[in-house]
Amino acid sequence: MAQDSATRTLISQAQLERGRGRIIYWTLLAVVVVAFTLVFIGPLYWMVTGALKSGQEIAQTPPSLYPKDPQPQNYVDAWNNLDLAKLLFNTFYYATGAVLFQLVLDTAAAYSLSKLRPIFGNAILGLMLATLMIPAMVLIVPQYVTVIDLPILHLNLLDSPFAIWLPLVANAFNIFLLKRFFDSIPEDLMAAAFVDGATPLRTLWSIILPMSRPILGVVSIFAVTAVWKDFLWPKLVMPSPETRTVSVGIYAFAGGTPMNVVIAASVIAAIPTVVIFLIFQRNIMSGLTTGSLKG
Amino acid sequence: MAITTVPGTTRQPGRPEPPYPSSRRRTSLGRKVRDNLTGHTFLIGALVCFAVFSWYPMVRGIVMSFQRTRRGETTWVGWDNYTRIIDDPSFWTAWKNTFYFTFLALVLGYAVPFFVAILLNEFRHARGYLRILVYLPVMLPPASALFLFKFYAYDPSEAGLFNAILAALHLPTSEWMQSPGMTMPAMVLASTWMNMGSAVLIYLAALQNIPGELYEAAELDGAGIWRRIRHVTIPQTRLILALLAMMQIVATMQLFIEPLILANGAGTGDSATSVAYLIYQHGFFQNDLNGAAALGVIMLIVLAGFSAVYVRLTAKQD
């Protein structure tokens, strides 16, 4: 996204810099910054500090702005009682696998569709893109039935990480994103590599991939957040307490656990994605906008 | 907004560029077969995943919706599953609720991000900070965010965040999720907070593609801010507006996790039952996978209807 502030928008630059315009601009900016901070950080503050409050303090009217008598024990209880270490490890493991599978298989597919262009390539791409029209909820039942009894192989993937990894590879959005990026790499580079006697795999590895780091980063980040945010699918295919993801684990415990502890666990579950976002926000934002715009 | 073409993708229609350069000129049959083989080898992994987890389930879902499985025996039952599902009174409640949610989400979750984006686009300062703020909730696992709303914001006593604010302003407090009338608005509010970030960013990018001269010209013609929004901003972003409307409808029609976590499923007096929740109920609690598949097909048809309308509307404008 361009950071240039020189382009003219709804209201002209000159108007904003003149007497009255300037006052309005700065007042509005201040109001928006304060309001947005309250609306978007406020609830998070409430969540992090609320989990530090005691049971009585939570039920008190009006609620206190900050914990009078902080109970870090809530976080410790959440960590121990819900076995968050295990849940976080599972989620991390699924996310890592999802990144690897998507990077390898989707990149190979996009490379083939963009540069090798085998026969029926366009038809295949069309069929892949068509799946973007099918809402996840429509497929949930037949997908589940497929996963518990894979066609031909008759394997049951319940509680196997492959039940999360493989369906994520069937991600038309990623393939489209990668293919479009590869399309922008000049054909001449490919021809040059061919003249030098490079095989397609070698060309992919030594020419295409090094040039594609930004888009590979975006795909990886999306893969991690997709696994971290998903709920229903892991809930269905990872039924055992040992294989659960962190979101599903917290949900499973929510019924019989004090609410402060559930919130403490929710805070811990949210930390990884929030940290990833703060580190990679530039890449995420550019990936999001290039992916959804510019068809 | 202008649709830009990525350099290198411009190809003459009807005259595809030759595939991988190795087949240029030296087009012996053996070479062609080998090149195609290489291309398909690279495709195979993703292709198998699509086939097994996307294309096949699609067909299987439709087939399943006409079958019934009892004690391991599968029989063809025609429209039975459909009539059974439609006769269930919660079918209509679920559709009514889902449409109501979609409607509210369009009013709130669709219009608000657009105006937020217009506002943010005017600022020359703190832009990065504001963008991060708006997108932050999108990164939270939905379960975490919804527990926050459930326990802290929608607490029906005055100890809850929203009620405390309402009480402080001397406004009437609400029972939130425990009052059937408030269930849907409360779910839309939580869902909008969680999801609006991506829409804001997409709008922002679209707004930045509007040529400044258009505003310049409108201003010279004496158009005020509102008329500039109406006659420049909206027409210039209409493709993205239409696309996001479609995405918003498809996403909200799949309303599931909000009822499950905020309202423990159906909510007070079925006020939160959604079609997606009904699919889940039939499929995984009532052991009625075939009924759930039929519901899925009905949902697909309804959404395909929306897509058709969308394609018609957008095609007409170009």
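Residues numbered from 1 in each chain as written. Chains lettered and ligands numbered in written order. Predicted model: local features only at pLDDT ≥ 70, side-chain atom pairs only at ≥ 80, totals over all residues. Heavy atoms only, no water.

1. Quick word on the overall build of chain B
- Within chain B one finds 13 helices and two strands.
- A compact globule built from 318 residues would reach a C-alpha radius of gyration of about 20 Å, whereas chain B, at 25 Å, exceeds it by more than 25%.
- Within chain B, the proportion of its 318 residues that are buried is 53%.
- Counted over contacts in chain B with a minimum sequence separation of 6, partners at least 24 positions apart contribute 64%.
- Carbon and sulfur atoms form 64% of the exposed surface of chain B, whose accessible area is close to 14800 Å².
- Counting 24 positive and 18 negative side-chain charges, chain B places the centres of these two groups 15 Å from one another. (Helix = DSSP H or I, 4+ residues; strand = E, 2+ residues; numbered from the N terminus. Rg over C-alpha atoms; globule rule 2.2 N^0.38 Å. Buried < 20%, exposed > 50% of the residue type's maximum accessible area, 1.4 Å probe, protein only. Contact = heavy atoms within 4.5 Å. Areas by Shrake-Rupley, 256 points an atom, 1.4 Å probe, with all protein chains shown as cover. Lys, Arg positive; Asp, Glu negative; His and termini not counted. Charge placed at Lys NZ, Arg CZ, Asp CG, Glu CD.)

2. Considerations on a nonpolar patch on the surface
All names here are of chain B.
- A surface patch of nonpolar side chains, amounting to about 490 Å² of accessible area, comprises Tyr100, Phe103, Val107, Leu108, Val112 and Leu189.
- For the nonpolar patch, the leading source of residues is helix α3 (residues 89-122), giving five residues.
- Take Val112: it is sitting in helix α3.
- On the basis of relative accessible area, Val112 is assigned to the partly exposed category, the value being 31%. (Patch = residues over 30% accessible without salt bridge, like charges linked within 9 Å, V, L, I, M, F, W, Y side chains within 5 Å. Salt bridge = Lys/Arg side-chain N within 4 Å of Asp/Glu carboxyl O.)

3. Describing helix α10 (residues 238-253) of chain B
- Between its terminal C-alpha atoms α10(B) stretches 22 Å, which fits the 22 Å expected from 16 residues at 1.5 Å a residue.
- Among the residues of α10(B), B:Ile240, B:Leu241, B:Ala242, B:Leu244, B:Ala245, B:Met246, B:Gln248, B:Ile249, B:Thr252 and B:Met253 are the ones counted as buried. (Expected span 1.5 Å × (residues − 1).)

4. Some thoughts on the UniProt feature "domain: ABC transmembrane type-1" (unreviewed entry) in chain A
- As recorded in UniProt, the sites labelled "domain: ABC transmembrane type-1" (unreviewed entry) are residues 88-280 of chain A.
- Secondary structure content for residues 88-280 of chain A is 76% helix and 0% strand, while the C-alpha to C-alpha distance between its ends is 20 Å. (UniProt positions renumbered as here; feature names shortened; annotations may be inferred.)

5. Overview of the packing of aromatic side chains
- Applying the stated criterion across every chain, the model contains 36 aromatic pairs over all chains.
- Arranged with centres 6.0 Å apart and planes meeting at 45°, the rings of B:Tyr280 and B:Phe284 form a pair that is tilted. Here B:Tyr280 and its partner B:Phe284 are both found in helix α12 (residues 275-284), four residues apart, which amounts to about one turn of the helix.
- Residue class for B:Tyr280 comes out buried when judged on its relative accessible area of 4%.
- Aromatic rings pair up to connect A:Phe89, A:Tyr93, A:Tyr94, A:Phe101, A:Phe162 and A:Trp165 into one cluster.
- The ring of A:Trp46 is capped by A:Lys53, whose NZ or CZ atom sits 4.4 Å from the centre of that ring.
- Between the NZ or CZ atom of A:Lys68 and the centre of the ring of A:Tyr66, over which it lies, the distance is 5.2 Å. (Phe/Tyr/Trp six-rings, centres within 6.5 Å; stacked < 30°, edge-to-face > 60°. Lys NZ or Arg CZ within 6 Å of the ring centre and 35° of its normal.)

6. Observations concerning the interface of chain A and chain B
- Tallying the contact residues gives 119 residues for chain A and 108 residues for chain B.
- Taking both sides of the interface into account, the surface hidden between chain A and chain B amounts to around 10500 Å²; carbon and sulfur atoms contribute 75%.
- Broken down residue by residue, the surface that chain A buries against chain B is led by A:Arg8, A:Leu10 and A:Phe40, which jointly contribute 8%.
- For the interface between chain A and chain B, the tally reads zero salt bridges.
- At the boundary of chain A and chain B, one finds 22 residue pairs in polar contact (both at pLDDT 80 or more).
- Ranked by the residues each element gives to the side of chain A that touches chain B, the list is headed by helix α15 (residues 259-292) of chain A, at 17 residues.
- Tallied by class, residues from the side of chain A that touches chain B come to 81 nonpolar, 27 polar and 11 charged. (Buried area = accessible area lost by both parts, 1.4 Å probe. Polar contact = N/O pair within 3.5 Å; in protein donor to acceptor, adjacent residues only side chain to side chain. Nonpolar A, V, L, I, M, F, W, Y, C, P; charged D, E, K, R; others polar.)

7. Topic: the nonpolar core
- Core analysis: the biggest nonpolar cluster contains 194 residues, and A:Met128, B:Leu120 and B:Tyr154 have the highest contact counts within it.
- With 16 residues, helix α7 (residues 180-207) of chain B is the single largest residue contributor to this core.
- Every residue in contact with B:Tyr154, bar those within four places of it in the chain, is listed here: B:Phe149, B:Phe162, B:Trp176, B:Met177, B:Ala186, B:Leu189, B:Ala190 and B:Leu262. (Core = buried A, V, L, I, M, F, W, Y, C linked by side-chain atoms within 4.5 Å.)

8. Digging into the confidence of the model for chain A
Residues and elements named next belong to chain A.
- Confidence in the prediction for chain A averages 88 pLDDT; 95% of positions are at 70 or higher.
- Mean pLDDT in chain A bottoms out at helix α1 (residues 13-17), which sits at 75, and peaks at helix α8 (residues 162-169), which reaches 96.
- Throughout residues 1-5 the model reports pLDDT below 50, and contacts reaching past four residues in sequence, or to other chains, amount to 11 contacts. (pLDDT = per-residue confidence, 0-100.)

9. Some thoughts on helix α8 (residues 212-220) of chain B
All names here are of chain B.
- When we look at burial in α8, the residues that qualify are Gly212, Tyr215 and Ala218. For α8, the buried positions fall inside an angular range of 125° around the axis, keeping them on one side. Counted as exposed and oriented over 90 degrees from the buried face of α8: Glu213 and Leu220.
- In the core, the buried residues of α8 are packed alongside α9 (225-236).
- Two residues or fewer past α8, Gly222 is found with a positive phi of approximately 85°. (Arc of directions from axis to C-beta.)

10. Remarks on the pairing of strand β1 (residues 67-70) of chain B
Residue and element names in this part refer to chain B.
- By the bridge criterion, four bridges tie β1 to strand β2 (residues 73-76) in an arrangement that is antiparallel. Across the sheet, the residue bridging to Arg68 is Thr75, located in β2.
- Between β1 and β2, which pair antiparallel and follow one another directly, the connecting turn spans two residues, one of which, Arg71, has a positive phi of 45°. (Pairing = 2+ DSSP bridges.)

11. Regarding the environment of B:Gly296
- Along the chain, B:Gly296 falls in helix α13 (residues 289-317).
- Sequence spacing of B:Gly296 and B:Leu278 is 18 residues, and the spatial spacing of their C-alpha atoms is 9.8 Å.
- Those residues in contact with B:Gly296 that lie beyond four places of it in its chain are A:Val138 and B:Ile279.

12. Brief notes about the UniProt feature "domain: ABC transmembrane type-1" (unreviewed entry) in chain B
- Sites flagged by UniProt as "domain: ABC transmembrane type-1" (unreviewed entry) map to residues 95-310 of chain B.
- As annotated, residues 95-310 of chain B has a helix share of 76% and a strand share of 0%, and its two end C-alpha atoms lie 20 Å apart.

13. Section: the pattern of salt bridges
All names here are of chain A.
- All told, the structure shown has four salt bridges over all chains when counted by the stated rule.
- The closest approach of N and O atoms between Glu187 and Lys115, which form a salt bridge, is 3.7 Å. With Glu187 in helix α10 (residues 187-195) and Lys115 in helix α5 (residues 84-116), the pair connects residues that are 72 residues apart, well separated along the chain.
- On the accessibility criterion, Glu187 (15% relative accessible area) is buried.
- For Lys115, a relative accessible area of 1% gives the class buried.

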